Every structure is written in C-alpha cells, then in structure tokens.
Amino acid sequence: MLPMERMSSFNKSVSFKQRYANIGSPRFSRKNRPSPLFHALIIIGWFVSFFLAVGCGYMYVLPNLTHPFHIKEYRFTNFSGSDNTCDVFDGNWVMDHGYPWYNASECPFVEQGFNCLANGRIDEDYLKWRWKPKNCDIPRVNVRVVLEKLRNKRIVFVGDSMSRTQWESLICFLMTGLEDKGNVYEVNERKITKQIRFLGVRFSSFNLTVEFYRSVFLVQHNWAPKHAPKRVRSTLKLDKLDDISKEWIDSDVLIFNSGQWWVPGKLFGTGCYFQVGKTLKLGMTIVSAYKTALQTWASWVDKMINPKLTRVFFRTFEPSHWRNLTLRECNVTKLPLLEVMEEGVNPFSNMVLELVKDMTVPVTVIHVTPMSAFRSDAHVGNWGDMPSLSDCSHWCLPGVPDMWNEIVLSYLLGSFEQDFECKNSLQNCG
C-alpha cells in the first residue's frame, strides 16, 4: 500500500468512528439523525475502501513474492504435510508416456551395445516408466533451462561402465535442446569404447564440457610388487587414489561411482589382491577393502575439493538381475518388479551413506540401489552388440540412467537457484 493511500484509508476509518461516537449524546437531536440508507452507504463505503487498500498492498508486495516461488521450481516438492526433507529414493515406478527423453539412434554418443531398440528389442514399455517418490515430486527439467544453467561449466563423471552409461545419457538429453547439433563433439575425436580412460564431449555454443574418466576402483591399480606370491599379478593400493585424480579437481560438478568391479571374479579371479602402503593384504575381504578405498576417496575429496566451486555426488551400487550369473542367464522381465528384497540392499551402498556423514565437503548421495532394483525389465539382455552374450548388469538407453540424471539435475538446478538467491539477498549461504 502506498503511504498516501494508507493515510487516506486511516482518515476515513477515524471519521467513521468519530461519527458513531456521538450517538447517545444529550446534544444529539433525534430530528437530525441520518436515515438507515445513509448508514448503509457509509458501511458499504468503508468496506470498499478497506478492500481497495488491501488490493493495492497485495499488488505492491506480489512482485517480491514471485521470485521465491520461482526459486523452488526445480526443488523436490514435498506434499506430505511434513516439514521433513523428502526421501527421493523411497517410491515406485509409474507409467508415463512423456518418456523417453531422446531417441538413442539420433544421438551419436550412445554405444551400440546400449541401444536396445536398434539391436532388435521390439517391446518399448521399458521406456515409459518414471520414478515417483512417495511424499514428493521430482520436478520436470527443461533442457533449455538446464543448458543455460550449465553454461561455462565442467561436469565430470568418474567410475566404471555404469558411469559411462550415465554420461552418455546426459549428453543425449542435453542435445535435444540444440538446433545445431554440429557444435557438439568429442574433444579428441574418439569413438566411445569400453577401454578409453578419458572421453570428453564439448557443447561449444554453451562452453560446456561433459567428461568421463574410467576409474573402476577409484584407487590405484598397479602391477604386483617384487617378491609377491605367484598368484598375485596386480594389486589395488587402497591408500592411494587413482593417479588420474588430479584431472578431476577443477570441475563444477563431480559425480563418482564404484562397485561393479568389486567382485571375486574381477579381483581374485584375475590375480588382483589388496595392498596398503608396502604391505600385501592377502587375507582382506572385498567388503573391508572397499571400505578402506572409500575412506581414501573421502580423504582426497576433503583435502582437494573446494565445496564453493565444486558440487560432489556419489551414485550408489546398481543392482543386476541375473537368473544364473555363472551361466550368464539373464532375467529380463516385461514389466518392473512389484517388490524387491535383497536386490534393494547392498553393503557397498550402505558404506557410502554412512561415510559421507563425517566428511567435511558435502557429498550428495544418489542412492539408486533401491529404485533400480525394481527395473529387471530395463537391462540390455540379449539386445547388446554381442547378442550371444546376455547382459543383466548394464542398462538400455534410453532407460534407467536417464532417471538418475533427472535427479542429479534437480539437485543442481535447485542449488544454482539457491546460489542466485543468496547473491541477490547478500546472505552468507555457506
């Protein structure tokens, strides 16, 4: 409300009260009493003035309120009636014909082995599912808004082939917002393959790079030390982070994952054992070794990463759905599972969730283990680049990794808006 309007309304109110204060006074003449119609007009006039004043005040305040509502556009919307933060990873998959985000055959950065439709898969129901948390909503992301928010940014994925799949998914989504896709290219003109340690895709019109570093264990993998037993061909140095870790530091977004290679077949079966310092740990279990490696990773993050410059994520273990892993028999279902038991729980995931609580640098855990456990329908199966080999570990694209990215982007967009809010309000938001 403007000051003059507020004063005018106040004067009218005072005049109205003074007029009625004289009723019953000995000097008040019955002959001069106003008619009932006059009283009614006065009351109506007072109410009109009141609502006009409220309306003007609302119009004055409204522009200051619209910005906070816009700020929350990309934050998880809690409708449970509780003030508690929503558990984004507690929910179920619902059919949504607005998916998928993209056509894998139109994205040059999808590996042939993950493009299930192009490899002969006929059913398309697995493309139409969206993750729905119980007590909140994951906001829909607008690719143009995402591209603008990521302008001049560097996004880095670090991990195994599951991380590479998520990397491919994000690139394909971002490309749907571009008219000229010729400005998107791999920086070294490399074809995407499984063994390359570094891949980087640049969106030149936005000065944005999305990179992938292959580091399946996160810690250093070296040849066996001298005088090691014959069965030891190589070791994981659990107290040393991967020697390419220096490349990850100056990034705006850093997304880690590790877990699929921490199995007997890819460790002990290949002659790979554990080492701390110069000491071989031949009797150490895989679970204990993974925990030690995670502690090394956490120490590196706390020491090397500036949380004011880099947003750190860790994506948890992705469940497989093998009917018989030894015989490589795959269990690809027609629809997502209705309930999960052991697939939704993993000791590696639990370690990550506990470890980040004590870290100095904030780490957002993308806890995909329970949500991905339902999706026995979305694996590559026999629709990979080698149809004779079933694959119930990796995921078709488009597919489940798109939902992981949707959650990451929601966190990122919310934090970017929060930074904007802090700068404009001159607050110290930490």
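Asks: What's the story with empty space enclosed by the protein in this structure? I'm lost.
Replies: Empty pockets left among the atoms are what a rolling probe the size of a water molecule brings to light. Evaluation of the coordinates by the stated rule reveals one cavity of 30 Å³ or more. Around the largest cavity, the lining residues are Trp93, Tyr99, Pro100, Tyr126, Leu127, Trp129, Arg375, Gly399, Val400, Asp402, Met403 and Glu406. Residues belonging to the lining of the largest cavity are distributed by class as follows: eight nonpolar, one polar and three charged.

Asks: Looking at this structure, I do not really get the state of the cysteines. What am I missing?
Replies: Cysteine pairs can be covalently joined through their sulfur atoms, and such a bond is termed a disulfide. Counted according to the given criterion, the structure contains four disulfides. The partner cysteine of Cys116 in its disulfide is Cys396, sulfur to sulfur 2.0 Å. On the sign convention where negative is left-handed, the bridge of Cys116 and Cys396, at about -90 degrees about the S-S bond, is left-handed. Residue Cys116 is found in the loop between β2 (91-95) and β3 (129-133), and its partner Cys396 is found in the loop between β19 (391-395) and α8 (400-425); the two are separated by 280 residues along the sequence. A disulfide bridge connects Cys330 with Cys392, and the sulfur atoms are separated by 2.0 Å. Across the S-S bond linking Cys330 and Cys392, the dihedral sits near 95 degrees, which makes this disulfide right-handed. Of this pair, Cys330 sits in strand β16 (residues 329-330) while Cys392 sits in strand β19; the two residues are 62 residues apart in sequence, bridging distant segments of the chain.

Asks: I tried to follow the sheet that holds strand β9 (residues 219-223) on my own but got confused; where do I start?
Replies: Strand pairing in a sheet is mediated by backbone hydrogen bonds. Such pairs are either parallel or antiparallel. Pairing in this open sheet of four strands is mixed, and the strands run β9-β10-β12-β13 from one edge to the other. Looking at the sheet topology across the chains shown, the edges are occupied by β9 and β13 (279-281). Along the sheet, successive strands turn relative to each other by an average axial angle of 40 degrees, direction set aside. Taken together, the five bridges between β9 and strand β10 (residues 234-241) define a ladder with antiparallel strand orientation. In the strand pairing of β10, Trp223 is matched with Ser234. Against the sheet, helix α5 (residues 286-304) touches β9, β10 and β12 (272-276), its axis set at about 35 degrees to β10.

Asks: Where do I start with the pattern of salt bridges in this structure?
Replies: Where charged atoms of side chains with opposite charge meet at close range, the side chains can pair. Taken as a whole and assessed by the stated rule, the structure comprises 15 salt bridges. The partner of Asp96 in a salt bridge is Arg130, with the nearest N and O atoms 2.8 Å apart. Of this pair, Asp96 sits in the loop between β2 and β3 while Arg130 is found in strand β3, placing the two residues 34 residues apart along the sequence. Take Asp96 and Arg130: they sit in the same class, and that class is buried. A salt bridge links Arg154 to Glu211; the nearest nitrogen and oxygen atoms lie 2.9 Å apart. Remark: Glu211 occurs in strand β8 (residues 208-214) and Arg154 occurs in strand β5 (residues 154-159); sequence separation between them is 57 residues. The same class applies to Arg154 and to Glu211, which are both buried.

Asks: What exactly am I supposed to notice about the side chain of Thr165 here?
Replies: Mapped onto the fold, Thr165 is located in helix α4 (residues 161-175). The contacts of Thr165, once residues within four sequence positions are left out, are Phe114, His394, Trp395, Leu397 and Pro401.

Asks: Looking at this structure, how should I read the packing of α5 against helix α6 (residues 347-355)?
Replies: Helix packing for two helices is described by the angle between their axes and how far apart those axes are. Two elements in contact, α5 and α6, have axes separated by 10 Å at closest approach and are oriented at 30 degrees. The orientation of α5 with respect to α6, classified from their angle, is roughly parallel. You can see that α5 and α6 cross each other, and the crossing is right-handed. In contact with Ile286, Val287, Tyr290, Lys291, Leu294, Gln295, Trp297 and Ala298 of α5, α6 contributes Phe348, Met351, Val352 and Leu355.

Reading guide: rules and limits
- Residues numbered from 1 in each chain as written.
- Predicted model: local features only at pLDDT ≥ 70, side-chain atom pairs only at ≥ 80, totals over all residues.
- Heavy atoms only, no water.
- 1 Å grid on protein atoms, 1.4 Å probe; cavity = no way out; pocket = protein on both sides within 12 Å on 5 of 7 lines; lining within 4 Å.
- Points joined across faces, edges and corners; volume = space filled by probe spheres on them.
- Nonpolar A, V, L, I, M, F, W, Y, C, P; charged D, E, K, R; others polar.
- Disulfide = S-S within 2.5 Å.
- Helix = DSSP H or I, 4+ residues; strand = E, 2+ residues; numbered from the N terminus.
- Pairing = 2+ DSSP bridges.
- Axes fitted to C-alpha atoms, helices over the stretch in contact; angles between N-to-C directions.
- Contact = heavy atoms within 4.5 Å.
- Salt bridge = Lys/Arg side-chain N within 4 Å of Asp/Glu carboxyl O.
- Buried < 20%, exposed > 50% of the residue type's maximum accessible area, 1.4 Å probe, protein only.
- Parallel < 35°, antiparallel > 145°, perpendicular 65-115°, else oblique.
- Left-handed = near helix turned anticlockwise from the far one by under 90°.

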